[in-house]
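Here's the letter readout for the chains.
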Amino acid sequence: MASPWNGKARQWVEGRRNWQQKLRSQLSTNDRIIWMHCSSAGEFEQGKPIIEELKNRYPQHRVLVTFFSPSGYNTAGKYPHADITSYLPLDTQRNAESFMELVKPELVIFIKYEFWYYHLHAAAHRHIPILLASAVFREDQVFFKPIGRFFRRMLFLFRHIFVQDAASLELLRSHSINHCSVSGDTRFDRVSAIASAFQPLPLVASFISGAPCLVAGSTWKDDEALLREALEDFPGLKLVLAPHEIDAGHLREIREGFEGAGVYSELDNRQPTTGNRKETTEERQPAGDEQQQNIGGRLSVAGGPSSVVVIDNIGMLSKLYFYSSIAFIGGGFTRDGIHNILEAAVYGKPVVFGPNYRKYREARELVAEGGAFSVSNAEELTTCLKRLMEPEALRRAGEIARKYVQKNTGATAGILQFIQENRLLTR
């Protein structure tokens with residue numbers, strides 16, 4: 001119903017048209033399939049470490065990744081380790097049976113919180129092992145309410161449930177769901193792998209030129225208004241702003257709000273790329289030195305020096321945090337909450353964000369440990385930044401963030417060990 005005027009809804013509908021023909025064209029009769037399902041782009045990031053380790057240990061298998069939303073599906077085409085990508089067919093009994101007969105997976109892995117009854121039942125009925133990875137459960141979820149008996153029954157269709165924390169484990173076991181264990185969150189493995197493969201961004205380094213820098217990632221309008229007001233008190237601070245939405249209208253609003261702001265495409269002489277910042281890890285290669293001038297330690301943008309640069313392409317954010325003194329993570333003033341704080345924390349950067357963060361375990365724990373900070377208004381952000389500008393406070397908070405990521409890696413290894421020990425796949 002929404003598709004005539006909503007672009008994402010239209011993609012959702014169009015992407016599922018003729019799904020059997022599309023999927024059949026990517027399969028061959030001798031394929032040995034591992035099927036992973038992700039809701040969207042964020043869950044796909046959690047699935048990537050598992051995919052890559054599966055491909056390493058079971059190279060004769062092909063990996064099919066399905067998505068519920070367009071934001072996930074649109075990112076998958078350029079990911080080299082997914083052999084086949086598809087939208088998940090609408091969850092009906094007929095679709096699920098047809099999907100299973102077509103794909104014939106040897107192993108099924110759902111990521112975090114996708115539960116589609118007919119697809120799960122079709123796999124379980126064929127005795128295909130199903131795993132749930134990086135799951136989080138809370139008391140207020142429908143599984144644990146008086147009306148949630150049907151949904152709890154779905155959890156028994158999984159061979160094993162890997163949860164992120166002890167609270168989720170205890171909650172499941174209190175409802176007699178015992179085929180579960182704490183493995184942690186595979187996102188820690190993902191950000192660690194990205195950081196270990198870091199490649200420099202020369203234009204960004206030249207823009208910062210040794211000055212203190214705030215990298216604000218995946219920001220929304222409320223985040224940007226907060227930053228604009230607070231940063232008036234920090235004239236020497238460079239700002240690298242990577243908004244969540246980079247359509248032309250939003251970029252124009254940002255440039256009007258941040259006086260003298262330049263955009264990255266002006267530095268590398270390329271046109272902006274529109275899209276959603278969460279949706280890809282592809283990076284744009286910087287252009288040559290002829291596109292920049294270093295004037296007194298400040299990069300010339302469109303004819304004049306600037307202390308603000310707006311990233312108008314997708315895919316650079318995880319590398320941008322490397323150059324920050326402090327990271328600001330957007331989304332904390334939206335209903336869904338903050339974006340990924342681990343991309344910054346892995347580099348040993350203190351992270352700051354808005355008040356809507358409590359459903360994210362890593363944010364709660366890092367706030368408690370002193371490596372992350374929540375602010376509700378510009379005054380609180382100003383106070384927080386002034387405190388973090390003190391060298392010892394900055395060093396201490398950054399080290400807490402770095403160690404937090406390091407101690408939480410290893411979820412992928414635990415999942416692969418379970419697969420091997422229980423012989424869920426054969427070479």
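Residues numbered from 1 in each chain as written. Predicted model: local features only at pLDDT ≥ 70, side-chain atom pairs only at ≥ 80, totals over all residues. Heavy atoms only, no water.

**Student:** Explain the nonpolar core to me, please; I cannot follow it from the model alone.
**Tutor:** Within soluble globular proteins, side chains that are nonpolar generally end up buried alongside one another. Residues Leu320, Ile341, Val351 and Phe353 are the most contacted members of the largest nonpolar core, which totals 40 residues. The element contributing the most residues to this core is helix H10 (residues 202–208), with four residues. If we skip the residues at most four places from it in the chain, isoleucine 341 touches Ile329, Val351, Phe353, Glu362, Ala363 and Leu366. (Core = buried A, V, L, I, M, F, W, Y, C linked by side-chain atoms within 4.5 Å. Buried < 20%, exposed > 50% of the residue type's maximum accessible area, 1.4 Å probe, protein only. Helix = DSSP H or I, 4+ residues; strand = E, 2+ residues; numbered from the N terminus. Contact = heavy atoms within 4.5 Å.)

**Student:** Where do I start with the confidence of the model for the protein in this structure?
**Tutor:** Regions with low pLDDT should not have their predicted coordinates read in detail. Within the protein, residue pLDDT values average 88, and 91% of them lie at 70 or more. Across residues 269–305 the pLDDT falls below 50, and counting only partners more than four positions away or on other chains, this stretch makes 104 contacts in the model. (pLDDT = per-residue confidence, 0-100.)

**Student:** So what exactly am I meant to see when it comes to the pattern of salt bridges here?
**Tutor:** On inspection of all chains with the given rule, the structure shows 21 salt bridges. The shortest N-O distance in the salt bridge between aspartate 31 and arginine 62 comes to 2.9 Å. Pair noted here: aspartate 31 is in the loop between helix H2 (19–24) and strand S1 (33–38) and arginine 62 is in strand S2 (residues 62–67), with a separation of 31 residues, a long-range link. When its relative accessible area of 19% is taken as the criterion, aspartate 31 is described as buried. A salt bridge links arginine 187 to aspartate 185; the nearest nitrogen and oxygen atoms lie 2.9 Å apart. Neither residue differs from the other here; arginine 187 and aspartate 185 are each classed as buried. A network of salt bridges, in which partner residues are shared, links Glu45, Lys48, Glu52 and Arg190. (Salt bridge = Lys/Arg side-chain N within 4 Å of Asp/Glu carboxyl O.)

**Student:** Just to check I follow, could you spell out the packing of aromatic side chains for this structure?
**Tutor:** Inspection of every chain in the model, using the stated rule, returns 25 aromatic pairs. Ring geometry for phenylalanine 198 versus tyrosine 347: centroids 6.1 Å apart, planes at 75°, classification edge-to-face. Taken as a pair, phenylalanine 198 in the loop between helix H9 (186–196) and H10 and tyrosine 347 in the loop between helix H15 (342–345) and strand S16 (351–353) lie far apart in primary sequence, 149 residues in all. Ring pairing ties together the aromatic residues Trp19, Trp35, Phe99, Phe110, Phe115, Phe137, Phe143, Phe144 and Phe158, which thus form one cluster. The ring of phenylalanine 68 carries the charged tip of arginine 16 above its face, separated from the ring centre by 5.6 Å. (Phe/Tyr/Trp six-rings, centres within 6.5 Å; stacked < 30°, edge-to-face > 60°. Lys NZ or Arg CZ within 6 Å of the ring centre and 35° of its normal.)

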